[in-house]
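# Report on the structure
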Amino acid sequence: MAYYHSKNRLDTKAEQHNNVVFDVEGVKVYYDGFLALLDVYLKIPEKQITAFIGPSGCGKSTLLRCFNRMNDLIPKAKVEGRLYYRDRNIYDPKINSVKLRRQVGMVFQRPNPFPKSIYENIAFGPRANGYKGNMDELVEDSLRRAAIWDEVKDKLKAKGTALSGGQQQRLCIARAIAMKPDVLLMDEPCSALDPISTRQVEELCLELKEQYTIIMVTHNMQQASRIADWTAFFNTEIDEHGKRRGKLVEFSPTEQMFSSPTTKEAEEYISGRFG
Ligand SMILES: Nc1ncnc2c1ncn2[C@@H]1O[C@H](COP(=O)(O)OP(=O)(O)OP(=O)(O)O)[C@@H](O)[C@H]1O
Ligand SMILES: [Mg+2]
């Protein structure tokens, strides 16, 4: 059971082969007193793509938001436990969450460009952070890395919101990259995209993982199997009051998750028996 989460121990191949970027140590999340996500123990490997899969309501987005303290912005959310980002507990009150979010960027399900020009979508964040380098170069470089430069280079003054959905999502990825993050969190980044744009974002993720650690929530199991190195399967269970709560069931190399998962729950989900 090398990859299965026992309460206090996790010996994964990830740990043997890659540096650990996040070490999740018994994290629980409550909304208004309701325990939505049971103690999670998990280590996220560096410069790899980790996919979060599982049925609706099992806590994937909830956990994803823990990695850059986005749950702080939800008034009734409470996070317990320890979550180390490169050896610092990010739930230590001394941590500056604004700085953390620069290092741990987020791309959302619905592309959300600013209602500004394509150029400004990229330049705005770095400028607000006092970026002193050559802005034109940073804009071009970020758009190139997000594989959208050729499509927008002749219309940098056009509104970001006037692009197609797939282009907007790559623009949002470029915007995240321009902040020179260390980690990219992505919550179903392709769910609003057509298959061609989806493949473009997937290809992009495969390129980006050379430099960044990526954690991606997806309902698309083919997507997880195509691009993720590691897959975490979450599920729901009924608590003693009859309420559904989420839990992490299994964390395995993707190939193993989709060919011979360690747990029966993951096997049933993957073979489509529920979800
Ligand atoms: N802002 C919130 N306020 C209250 N409860 C919430 C909030 N966000 C999530 N929850 C609850 O927490 C649980 C986990 O939700 P979460 O959104 O993390 O699930 P998910 O796995 O991302 O689902 P989906 O696949 O549908 O996006 C659910 O029971 C949900 O109702
Ligand atoms: Mg979600």
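Being a predicted model, the structure only gives us computed values, none of them experimental.

Next up on the list: helix α7 (residues 165-178). In a regular helix each residue adds 1.5 Å, so 14 residues correspond to 20 Å; α7 covers 20 Å between its end C-alpha atoms and thus fits that length. Within α7, 13 of the 14 residues are buried, which leaves the element mostly enclosed by the surrounding structure. Count one or two residues on from α7 and you reach Lys180, which has phi positive near 50°.

Here the focus is the packing of helix α4 (residues 118-128) against helix α5 (residues 135-145). Packing of α4 against α5 brings their axes to within 10 Å, and their N-to-C directions diverge by 115°. Taken together, the axes of α4 and α5 lie roughly perpendicular to each other. When the axes of α4 and α5 are compared, the crossing they make is right-handed. Where α4 abuts α5, its residues Ile118, Tyr119, Ile122, Ala123, Pro126 and Arg127 lie against Met135, Asp136, Leu138, Val139, Ser142 and Leu143. Per-class residue counts for the contact of α4 with α5 are nine nonpolar, one polar and two charged.

Two faces, one strand: in a regular strand the side chains alternate between the faces of the sheet. Counting buried positions along strand β8 (residues 213-217) yields five of five residues, so the element is predominantly enclosed. Residues Thr213, Ile215 and Val217 point to one face of β8 and Ile214 and Met216 to the other, with burial holding for every one of them. Two strands pair when backbone bridges link them, and strand β3 (residues 49-53) and β8 are joined in this way by four bridges, in the parallel orientation. Its bridge partner lying in β8, Phe52 is registered against Val217. Relative to β8, strand β7 (residues 183-187) runs parallel, the two sharing five bridges. Note on β8: the bridge partner recorded for Leu185 is Ile215. Regarding the hand of the β-α-β motif, the stretch spanning β7, helix α8 (residues 195-208) and β8 is right-handed.

Thresholds applied
Residues numbered from 1 in each chain as written. Chains lettered and ligands numbered in written order. Predicted model: local features only at pLDDT ≥ 70, side-chain atom pairs only at ≥ 80, totals over all residues. Heavy atoms only, no water. Helix = DSSP H or I, 4+ residues; strand = E, 2+ residues; numbered from the N terminus. Expected span 1.5 Å × (residues − 1). Buried < 20%, exposed > 50% of the residue type's maximum accessible area, 1.4 Å probe, protein only. Axes fitted to C-alpha atoms, helices over the stretch in contact; angles between N-to-C directions. Parallel < 35°, antiparallel > 145°, perpendicular 65-115°, else oblique. Left-handed = near helix turned anticlockwise from the far one by under 90°. Contact = heavy atoms within 4.5 Å. Nonpolar A, V, L, I, M, F, W, Y, C, P; charged D, E, K, R; others polar. Pairing = 2+ DSSP bridges. Right-handed = clockwise from strand over helix to strand, strands pointing away.

Structural measurements only, silent on function.
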